[in-house]
Protein chains: 2
Amino acid sequence: MLGAKIHRVAIAGGTHGNEFTGIYLVKKFQGYPDLVQRPSFETVPLLTNPQAFALKRRYAEQDLNRCFLPADLQSSTSTSYEALRAKELYQTLVAQPESKADFILDLHTTTANMGLTVILVNHHPFNLRLAAHLSAVNSAVKIYSAYQPGKTLAFLNSLCEFGFAIEVGAIAQGTLRADLFQRTEALIHTLLDYLDAANRNASPPVASSLTIYQHLRTVDYPKDEHGELLGMIHPRLQDQDYQPLHPGAPLFLTFDGDVICYEGDATVYPIFINEAAYYEKGIALCLTEQQTLEL
Amino acid sequence: MLGAKIHRVAIAGGTHGNEFTGIYLVKKFQGYPDLVQRPSFETVPLLTNPQAFALKRRYAEQDLNRCFLPADLQSSTSTSYEALRAKELYQTLVAQPESKADFILDLHTTTANMGLTVILVNHHPFNLRLAAHLSAVNSAVKIYSAYQPGKTLAFLNSLCEFGFAIEVGAIAQGTLRADLFQRTEALIHTLLDYLDAANRNASPPVASSLTIYQHLRTVDYPKDEHGELLGMIHPRLQDQDYQPLHPGAPLFLTFDGDVICYEGDATVYPIFINEAAYYEKGIALCLTEQQTLEL
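Right, let's walk through the structure included here. Values in this document were obtained by computation on a predicted structure and should not be read as measured data.

## Things to note about the packing of helix H5 (residues 125–137) of chain B against helix H6 (residues 178–199) of chain B
All names here are of chain B.
Then comes step 1: Put simply, H5 and H6 touch, their axes get as near as 10 Å, and they point 130° apart. Here H5 is positioned oblique relative to H6, judged by the angle of their axes. Considering the relative orientation of H5 and H6, their crossing is right-handed. Contacts between H5 and H6 involve Phe126, Arg129, Leu130, His133, Leu134 and Val137 from the former and Leu187, Thr190, Leu191, Tyr194, Leu195 and Ala198 from the latter.
Then comes step 2: Taken together, the residues of the contact of H5 with H6 sort by class into 9 nonpolar, 2 polar and 1 charged.

## Considerations on the sheet that holds strand S10 (residues 259–261) of chain B
Residues and elements named next belong to chain B.
Then comes step 1: Pairing is antiparallel in the open sheet, where 3 strands are placed in the order S8-S9-S10. Each edge of the sheet is formed by a strand with only one pairing partner; in this case those strands are strand S8 (231–233) and S10. Between one strand axis and the next, the sheet turns by 30° as a mean value, whatever way the strands run.
Then comes step 2: Across 3 bridges, the pairing between strand S9 (residues 250–254) and S10 is antiparallel. Bridging across to S10, phenylalanine 252 finds its partner in isoleucine 260.

## A short note on the relation of the copies chain A and chain B
Then comes step 1: Between chain A and chain B, the superposition needs a rotation of 180° and an axial shift of 0.0 Å, giving an RMSD of 0.0 Å. These values place the two chain copies in the arrangement generated by a two-fold rotation axis. When C-alpha distances to the rotation axis are compared across chain A, the minimum falls at alanine 172 of chain A, with a value of 2.3 Å.
Then comes step 2: Most of the interface of chain A is mirrored in chain B: 100% of its interface residues are interface residues there too.

## What to know about the interface of chain A and chain B
Then comes step 1: Taken together, the 29 residues of chain A in the interface contact 29 residues of chain B.
Then comes step 2: The largest contributions to the chain A side of the interface with chain B come from Leu176, Met232 and Phe255 of chain A, which together make up 20% of the buried area.
Then comes step 3: The tally of links between chain A and chain B comes to 4 salt bridges.
Then comes step 4: Ionic pairing is found between aspartate 239 of chain B and arginine 177 of chain A, a salt bridge with its closest N-O pair at 2.8 Å.
Then comes step 5: Where chain A touches chain B, the interface holds 12 residue pairs in polar contact (both at pLDDT 80 or more).
Then comes step 6: Sort the elements by how many residues they give to the side of chain A that touches chain B and helix H1 (residues 20–31) of chain A lands first, with 4 residues.
Then comes step 7: A breakdown of the residues in the side of chain A that touches chain B according to their chemical character gives 15 nonpolar, 7 polar and 7 charged.

Criteria and cut-off values
Residues numbered from 1 in each chain as written. Chains lettered and ligands numbered in written order. Predicted model: local features only at pLDDT ≥ 70, side-chain atom pairs only at ≥ 80, totals over all residues. Heavy atoms only, no water. Axes fitted to C-alpha atoms, helices over the stretch in contact; angles between N-to-C directions. Helix = DSSP H or I, 4+ residues; strand = E, 2+ residues; numbered from the N terminus. Parallel < 35°, antiparallel > 145°, perpendicular 65-115°, else oblique. Left-handed = near helix turned anticlockwise from the far one by under 90°. Contact = heavy atoms within 4.5 Å. Nonpolar A, V, L, I, M, F, W, Y, C, P; charged D, E, K, R; others polar. Pairing = 2+ DSSP bridges. Least-squares fit on C-alpha atoms with pLDDT ≥ 70 in both. Buried area = accessible area lost by both parts, 1.4 Å probe. Salt bridge = Lys/Arg side-chain N within 4 Å of Asp/Glu carboxyl O. Polar contact = N/O pair within 3.5 Å; in protein donor to acceptor, adjacent residues only side chain to side chain.

Here it is in C-alpha cells:
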C-alpha cells in the first residue's frame, strides 16, 4: 500500500520555541529512545529550533515553519537564523541518505481550543488513511487540511511526502499541561504502531471515508487605518473551534461594544480562533469547509 | 476615612508587554477619557512599558514590575530599559506634583486560572475596604496579599500607598478574551465609583471582615541537577487556583509518570498555578494561607 517502506521517522518538536509540549516530548524521547523505536524503523526525535527554545520565543528572527519553500531553501540571500536552520534541516531530513526521513511528524501547540488536530499538507492516500486511523482510535482527533492544489507550502512537513503536523490546544505559549502532554504522547504511540504495521503490510483497516476541515481563508481582526486592533473575538465564538459558524453569527466584539458578524453565504468551520502567534500575521481565525473524502 | 483626598488615579496597563487586556483597556480609556473620569478626581490611563508592548514580550531587558525597590530607583548603575523606565514612572507618579498619582491601579493578566484577583502590596485599611467592596459587588473577586511586614516590595504598586494590582486569568499571553476584558472593565468602573464616593465621604458600607489569601512561599518545578524541567503541574492541580491543597495531594506529574505530592503539614491555597512568565523565575505555583482580616 505504501510503495516504499518507511525506514526512518523524524519527530520534530520546538519548530516554534515557545510550544513546550512538543519540545519536552522530544526531550523525553531523546532520554528514553526505546519509547519511540519500533521493530521495522528507526525514530529520530529532533529539536528543530533550539535557538528559539533558548529564547523561549516562537522564533529568533523569522518563523521557521514558513522557511521551507524550495526557492528559499536554494536561496543564498536568506541569512536569518531560521533560514539557515531550514537549510540544515533540509540537509538532514532530505538530502543526506544516512539521515533522510521517510516520515516527518511535527509537534505544535496553539492557544486556540483545537484539541488534537492533524494538519495535512498533502492528500497522499497513506497520510489520509493514517489520519483516519488516529481519529478512529481517538474520536477527539480532528483533521485539518492546509493542502491547496497547485500551491507550494512553506512548512517543515513540506519536506516529506509522508507525515503531517499535530496541533494541540488550548494551551498558553511557554507552558505545559499534563493532560495535553499525555494525550499527545498517546497519539504519537498510536501513530508509530500504525507505521510499524504498515511496514509489515498489516495496517489495520480504516473506514471508507474521512471527514476533514479544508482550509478556505483567514480572517483578520477589525483594525483602524493605522493597523491598530479595534476589537477581539466575540465571546460566543471564543473556544468554538470546529463548531459550525452560520451566516450572520458574531465574529468580533469591538472595544466600543459593537458586534461584527460573519457575512459569508455558507456555513463554515472556524479554527485557530484567537491563536496568539497569529496576531502579528493578521489572522484572527481560519475558516474551513467540512468535507468528506473517500479513502 | 481616607485622610487625604484622592486627586489623581493612574490606571497602568502593559507593565508586562504581552498582557494585552490591560494594554487595550488603557488604549480604550485614552481614546475615550470620559469613561474613567469621575467628578472628584482625574484619571490618567498609562501604558507603562511601551517598548515591551512593541516587542509583544513581557519585558525588553528585565521585568519592569521588579524594578521599583527604592534602592534601585536611586541607583545610577542600573541602565536597562526597564530600570530607566521605572525611574521615569517614579518621576511621573511620585516626584512631580503636577502628575503625582494618589492611587495606582496596575492591570495584569495570568495564564493561571485566577479569575479576577486583587493583589495587595500593603494592608492599608482603605485598600482593604475597597477590596472588600469589589468582592461584595462581584463575588468572583479574590484578594491575594503579597504584603510581608518588614519586606520591601519591588512592584509598580509599591510607589503608592493607595492602590493595588488586578490580575486576570486564565488567558494566554499575547491574546485578548472578550469575557475577561469586559469583566475587568466592569471591575474598574466599580473601583472608580468607590473612589469617587470615598472622596465625598460617602463610600458604601462594607462587611466587618475580609477573606484574603496571604502569600506563604513559592514552589518550583521538579528539576534535575542542570536545572532541566523534570515534570509539570499535576492534572488534578491544573486550573485549581484558590482551591484547598491538602497534605499529600498531588503537585506535579513527572515526564516519567511519577507523582510528586505536597508534603506540607497544613492545608494551603495555591495560586499562579502554571503561570507562563514564572517558568523562568523558578515558580510553578505560589502557596497562600486563607486568612480573615477584621475591617
